Amino acid sequence: MDIEVKDSIDRHGNKIFHLYTNLDRLSAYMIDLAPEDEVPIKKLIHSMRKMQNYEIPPLIQSVPELLTLRQKSKFIKHIPLLFFLAKWKSQTNFSFARKLNNQFLKEAFQLLFDGDEKPLLVITLPLAFNDKMGVGYPIGGSLAFVRKIEDRYLSLGGKIRYNTSVDEVVAENGHATGVILSNGTKWPSEITVSTADWYYTLFTALKGRYTSKTILALKEKRNLEVFYSVFLLSLGISRSFYGVHHMQRFQLHKELLSPDGTKYLRMQVHCYNYDPTLAPKGKCVVTVAFYSQNGDYWIDLRKSDRDEYIKQKTVFAEEIITILEEKLGRVRDAIEEIDIATPATYHRYTNNWQGSTQGWLPGKNLLARSPVSNVIPGLQDFYLAGHWTQPGGGLPVAIKSARTVAQMICHKYKKPFSIKIP
């Protein structure tokens, strides 16, 4: 990632900070920029090297609550890591920046999250495993990825009914016994699993009948904030952008105001020049994403005034394209395809509360468990899975929570939980 620094330049006269995923390269680069900060730089790199000695999260073959004492004892080796993470969880990009003498490097760390203060673990954990090639991007994007899961499920005899929304989860005598679809059809079930939106599941499908003080506090956002939604502009451009770093963040010359009232001083551009399946040779998909916590503005506007909704998102997209033209050059005339997604789009496709793209925003304790459990007190034969079960959310958490639910079901019905790699 390239991060443009606002007020400083490095000792070579550049305003761009390069965030390399190779830790050796990152270390050498930062020490070259700021030899006076070699000690804190090496401590930072060492912290990520230490994380690499462990599997995070450890792949537990059984649900933690179901582990025997003997099985739990095997995780004693992770105790040093817990102490280490407990020490580092309070470290933020701002607190680390205060340890630096070099003004350019100091400002670069302050801008890691576009000027916001966040736990440094948010970026050091992913960097540690990027360096080990333990994470990656699926060529073909999310559609190609999910098709693999779909194909595997269907090959095992599973059935999928698309375009079939659930209006209600049927609950009788404290047991979930089926679902009622939007067309009125009732499907009975012995086990019901919801991987749908948390808010919709509890307060619409279950009619708000199974709540607690904790659940109501989440509804009122007294414990955790809902993760951001996104205004996403995607462009198909008849340019390759070869040699351009795929992720860039830069300072705007003047404040950019979204129709939903959010103000932006920086912009992030993503060039998918590394995935040849997304565009013909010599062309590229380029996206610009802006976070917003005012997703309801777009959702309500689309419902109340479709023409005004289209107008506002189009005008905002044009402002973004103008900035791209100034920054990257030869963009506007090379655009062949445009797609504009707003929080209303995310809400329409996923039904996620307020168009959230993940779930809950992490609180001060980045390692805290979610207050949303996989089971609902008072309702048997019903399970929740998905990114609402863990702050930060995202695809890995969703998959892990689904695995946990599968293990819980197997345990209840005394079935062995086994993994078969296709």
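Below: a short report on this structure. What you see is a predicted model, and the numbers here were worked out from it, not measured in a lab.

1. Describing the overall build of the protein
No. 1: Within the protein one finds 14 helices and 13 strands.
No. 2: Over its C-alpha atoms the protein spans a radius of gyration of 24 Å, differing by no more than 12% from the 22 Å that the globule rule assigns to 422 residues.
No. 3: By principal-axis analysis of the C-alpha atoms, the protein measures approximately 70 × 60 × 45 Å.
No. 4: Among the 422 residues that make up the protein, the fraction classed as buried is 43%.
No. 5: The protein carries 55 positive and 42 negative side-chain charges, and their two centres are separated by 9 Å.

2. Section: a positive patch on the surface
No. 1: Taken together, the side chains of Lys43, Lys50, Lys87 and Lys99 define a basic patch exposed on the protein surface.
No. 2: Along the chain, the position of Lys43 falls in helix α2 (residues 38-51).
No. 3: By relative accessible area, Lys43 is classed as exposed at 55%.

3. Overview of the side chain of Gln248
No. 1: Along the polypeptide, Gln248 turns up in strand β8 (residues 247-257).
No. 2: Taking the relative accessible area as the measure of exposure, Gln248 reaches 15% and is therefore buried.
No. 3: Aside from chain neighbours lying at most four places away, what touches Gln248 is Asp2, Met267, Gln268, Val269, Cys271 and Leu328.

4. Here's the deal with the packing of aromatic side chains
No. 1: This structure, assessed with the given rule, holds 26 aromatic pairs.
No. 2: Between the aromatic rings of Phe227 and Tyr291, the centroid separation amounts to 6.1 Å while the plane-to-plane angle is 85°, which identifies the pairing as edge-to-face. A residue pair is termed long-range when its members are at least 10 positions apart, and Phe227 in the loop between α10 (213-219) and β7 (229-237) and Tyr291 in strand β10 (residues 284-292) qualify at 64 residues.
No. 3: On the basis of relative accessible area, Tyr291 is assigned to the partly exposed category, the value being 45%.
No. 4: Here a set of aromatic residues connected by ring pairs shows up, and it is made of Phe231, Tyr264, Phe290, Tyr297, Trp298, Tyr309 and Phe316.
No. 5: The ring of Trp187 carries the charged tip of Arg161 above its face, separated from the ring centre by 4.0 Å.

The rules we used
Residues numbered from 1 in each chain as written. Predicted model: local features only at pLDDT ≥ 70, side-chain atom pairs only at ≥ 80, totals over all residues. Heavy atoms only, no water. Helix = DSSP H or I, 4+ residues; strand = E, 2+ residues; numbered from the N terminus. Rg over C-alpha atoms; globule rule 2.2 N^0.38 Å. Buried < 20%, exposed > 50% of the residue type's maximum accessible area, 1.4 Å probe, protein only. Lys, Arg positive; Asp, Glu negative; His and termini not counted. Charge placed at Lys NZ, Arg CZ, Asp CG, Glu CD. Patch = residues over 30% accessible without salt bridge, like charges linked within 9 Å, V, L, I, M, F, W, Y side chains within 5 Å. Areas by Shrake-Rupley, 256 points an atom, 1.4 Å probe, with all protein chains shown as cover. Salt bridge = Lys/Arg side-chain N within 4 Å of Asp/Glu carboxyl O. Contact = heavy atoms within 4.5 Å. Phe/Tyr/Trp six-rings, centres within 6.5 Å; stacked < 30°, edge-to-face > 60°. Lys NZ or Arg CZ within 6 Å of the ring centre and 35° of its normal.

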